[in-house]
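Listed below, chain by chain, are the residues.
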Amino acid sequence: MTTAVADRTLNALDRCDRCGAQAYVRVVLESSGGELLFCGHHARAVEATLRPMTSDWHDETARLQEKEPVLAD
């Protein structure tokens, strides 16, 4: 796996492997180097089980709390 893939920011095209919602967490498995994508809900649901098996847990769920700036007319 290349570093560029592991380091890139998740975007609206990245979908949760469980439900198809927008992914905010990327998990790289230690054993295979395979990548899993999860929405915030499903990442929390599997974190206790998967985290010990990962080489990278990239969490962008803080973006869910960011507010877009409002432009004044």
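Coordinates for the structure precede this section.
Residues numbered from 1 in each chain as written. Predicted model: local features only at pLDDT ≥ 70, side-chain atom pairs only at ≥ 80, totals over all residues. Heavy atoms only, no water.

Student: Got a minute to help me understand the overall build of the protein in this structure?
Tutor: Assigned secondary structure in the protein consists of two helices and three strands. In sequence order, the secondary structure elements of the protein are arranged as α-β-β-α-β. Along the three orthogonal principal directions, the C-alpha set of the protein runs to about 55 × 25 × 20 Å. In the protein, which comprises 73 residues, the proportion classed as buried is 30%. Considering only residue pairs separated by 6 or more positions, the protein has 40% of its internal contacts joining residues 24 or more positions apart. In the form shown here, the protein has an accessible surface area of approximately 5,100 Å², with 53% of it arising from carbon and sulfur atoms. (Helix = DSSP H or I, 4+ residues; strand = E, 2+ residues; numbered from the N terminus. Buried < 20%, exposed > 50% of the residue type's maximum accessible area, 1.4 Å probe, protein only. Contact = heavy atoms within 4.5 Å. Areas by Shrake-Rupley, 256 points an atom, 1.4 Å probe, with all protein chains shown as cover.)

Student: I tried to follow the nonpolar core on my own but got confused; where do I start?
Tutor: Looking at soluble globular proteins, one finds that nonpolar side chains tend to be buried together. Judged by nonpolar contacts, Cys16, Val25, Val27, Leu29, Phe38, Cys39, Ala43, Val46, Leu50 and Trp57 together constitute the single largest core of ten residues. The set of elements that each furnish at least two residues to this core consists of strand 1 (25–29) and helix 2 (40–50). (Core = buried A, V, L, I, M, F, W, Y, C linked by side-chain atoms within 4.5 Å.)

Student: Looking at this structure, I do not really get the pairing of strand 1. What am I missing?
Tutor: A regular strand carries its side chains on alternate faces of the sheet. Among the five residues of strand 1, five are classified as buried, and the element is accordingly described as predominantly covered. Neither face of strand 1 is open: one carries Val25, Val27 and Leu29, the other Arg26 and Val28, and all of them are buried. Sheet topology note: the strand 1/strand 2 (residues 35–38) ladder contains four bridges and is antiparallel. When the sheet's bridge partners are listed, Val28 is paired in strand 2 with Glu35. (Pairing = 2+ DSSP bridges.)

Student: Help me understand the environment of Ser31, please; the structure alone is not making it clear to me.
Tutor: With respect to the helices, strands and loops of the structure, Ser31 is situated in the loop between strand 1 and strand 2. Spatially, the C-alpha atoms of Ser31 and Ala45 are 21 Å apart, while their sequence positions differ by 14 residues.

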